[in-house]
Amino acid sequence: MVAPIPISQADGFPGALQALRAQMVDLTLRHVDGDGSRVTAIPCLQLIKASCSTPKTAPALYEPGLAIVLQGRKKVELGTQTLYYDPLHFLLVSMPMLPKGGVIEATPDKPYLCVRIDCDTATLAELMLEVGPACGDAPAPAHAGLNVAPVSEALLGAALRLMQLLDNPQDQRVLAPLLQREIFYRVLTGPLGPRLRALAQQDSATRRLARAIDELNRRFHEPISIDELAEVAHMSASTLHQRFKQLTSMSPMQYQKQLRLQHARRLMLGSGLDAAAAAHQVGYESASQFSREYRRLFGTPPRADIEQLMRAG
């Protein structure tokens, strides 16, 4: 766990990093109108803003990639693991995860600002082959689905150049993939390199678990057995169950249930479906069971939760 660091201390970190961060803050504020997550014209880049802290952590689907905080602070919880990230640290998500998270430092005058950069596993595999084996790389533990590490000047500089393409649309198609590649090269050659190597290596236990998670994400609305997942991961059913729980803090079936509820929430919020229609679309046969499990996960019944989200937005 990385201990939370007050923003006043983060404001005092090295001048070169401070200058890079200041430019990234300016770019974010110019390209984000209100609170929320904004998908940009650069496919791998999202900008996130929150003007107030969240009173409680909320479950969400975290896709593979990294999050660089420019201002404020956030906390994520996965089982017994708690991580904090802020302008001194970035979060690496090695594969799709379902932690709880919340902004713990943000004000209207100094909102939480974050840059999210997607991870391309094919690019990672190519990079790993080009870079070659790293001396002293320790095997990545099976529970390392989320990791926090200090930002570096090289990583922040590459992320800034990617963001600057927002003001130069004519350069995005050619330069954005190169900068995305450089960003993950910086992560690969840094302290979290072993995590990305484990994700990229086809025969690693982490990569095989990632295949099972990918299968669940692809077929979350269908019935799927632990034996089917074990076959995808080339593991025994008992080994898959044990390692899956180490990695995600839940069983494969609990993971699938949370995926269904997350997707149903998106359908109700984004497509205007009612609870019964959303429940059916994500694979529930019983609307009442869906409502019970939805309330257990999000804290309120589906309709009240969506109304609350729409008012907040």
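In what follows, the structure referred to is the one given above.
Predicted model, so just to flag it, every value in this text is computed and none were measured.

Caption draft 1: Representation of the sheet that holds strand β3 (residues 58-59) in the model. Across the sheet, which stays open at both edges, the 4 strands sit in the order β3-β8-β5-β6 with antiparallel pairing between neighbours. Two strands in the sheet have a free side with no partner beyond their single neighbour: β3 and β6 (81-85). By the bridge criterion, 5 bridges tie strand β5 (residues 73-78) to β6 in an arrangement that is antiparallel. Each residue of the ladder has a partner; that of V76, found in β6, is L83.

Caption draft 2: Region of the structure containing the nonpolar core. Counting residues in each nonpolar core, the largest one holds 50 residues, and the members touching the most others are Y85, L91, Y112, L146, L240, Y255 and F290. In terms of residue count, the dominant contributor to this core is helix α10 (residues 252-270) (6 residues). When residues no more than four places from it in sequence are discounted, the contact partners of L91 are Y62, G65, L66, A67, V76, L83, Y85, L146, N147 and V148. V32, L127, A159 and L179 belong to the second largest nonpolar core, which has 40 residues in total.

Caption draft 3: Expanded view of the packing of helix α7 (residues 205-218) against α10. Packing of α7 against α10 leaves a shortest axis separation of 10 Å and a crossing angle of 40°. In terms of axis orientation, α7 runs oblique to α10. The hand of the α7/α10 crossing is right-handed. Judged by residue contacts, I213, L216 and N217 of α7 engage P252, Y255, Q256 and L259 from α10. Of the residues belonging to the contact of α7 with α10, the class tally is 5 nonpolar, 2 polar and no charged.

Caption draft 4: Up close: the environment of L20. Here L20 shows up in helix α2 (residues 15-31). In this structure L20 comes out as buried when scored by relative accessible area, which is 15%. In this structure L20 touches E153, L156, G157 and L160, once residues within four positions along its chain are discounted.

Caption draft 5: The arrangement of the layout of surface pockets in detail. Considering only enclosed or pocket space, the largest pocket measures out at about 1,900 Å³ in volume. Contributing to the lining of the largest pocket are 46 residues, with T54, A58, A60, R265 and L309 lying nearest its centre. Its residues assigned to classes, the lining of the largest pocket comprises 21 nonpolar, 14 polar and 11 charged. What the second largest pocket holds in volume is close to 350 Å³.

Caption draft 6: Broad picture of the packing of aromatic side chains. This structure, assessed with the given rule, holds 4 aromatic pairs. Seen in terms of ring centroids, F290 and Y294 are 5.6 Å apart; in terms of plane orientation they differ by 55°. Their pairing is tilted. Separated by 4 residues within a single helix, F290 and Y294 lie in helix α12 (residues 287-298), roughly one turn from each other. For the pair F290 and Y294, a shared accessibility class is recorded, and that class is buried. With 4.6 Å between their ring centres and 50° between their planes, Y294 and F298 make a pair best called tilted. You can see Y294 and its partner F298 sitting in helix α12, 4 residues apart, about one turn around the helix.

About the cut-offs
Residues numbered from 1 in each chain as written. Predicted model: local features only at pLDDT ≥ 70, side-chain atom pairs only at ≥ 80, totals over all residues. Heavy atoms only, no water. Pairing = 2+ DSSP bridges. Helix = DSSP H or I, 4+ residues; strand = E, 2+ residues; numbered from the N terminus. Core = buried A, V, L, I, M, F, W, Y, C linked by side-chain atoms within 4.5 Å. Buried < 20%, exposed > 50% of the residue type's maximum accessible area, 1.4 Å probe, protein only. Contact = heavy atoms within 4.5 Å. Axes fitted to C-alpha atoms, helices over the stretch in contact; angles between N-to-C directions. Parallel < 35°, antiparallel > 145°, perpendicular 65-115°, else oblique. Left-handed = near helix turned anticlockwise from the far one by under 90°. Nonpolar A, V, L, I, M, F, W, Y, C, P; charged D, E, K, R; others polar. 1 Å grid on protein atoms, 1.4 Å probe; cavity = no way out; pocket = protein on both sides within 12 Å on 5 of 7 lines; lining within 4 Å. Points joined across faces, edges and corners; volume = space filled by probe spheres on them. Phe/Tyr/Trp six-rings, centres within 6.5 Å; stacked < 30°, edge-to-face > 60°.

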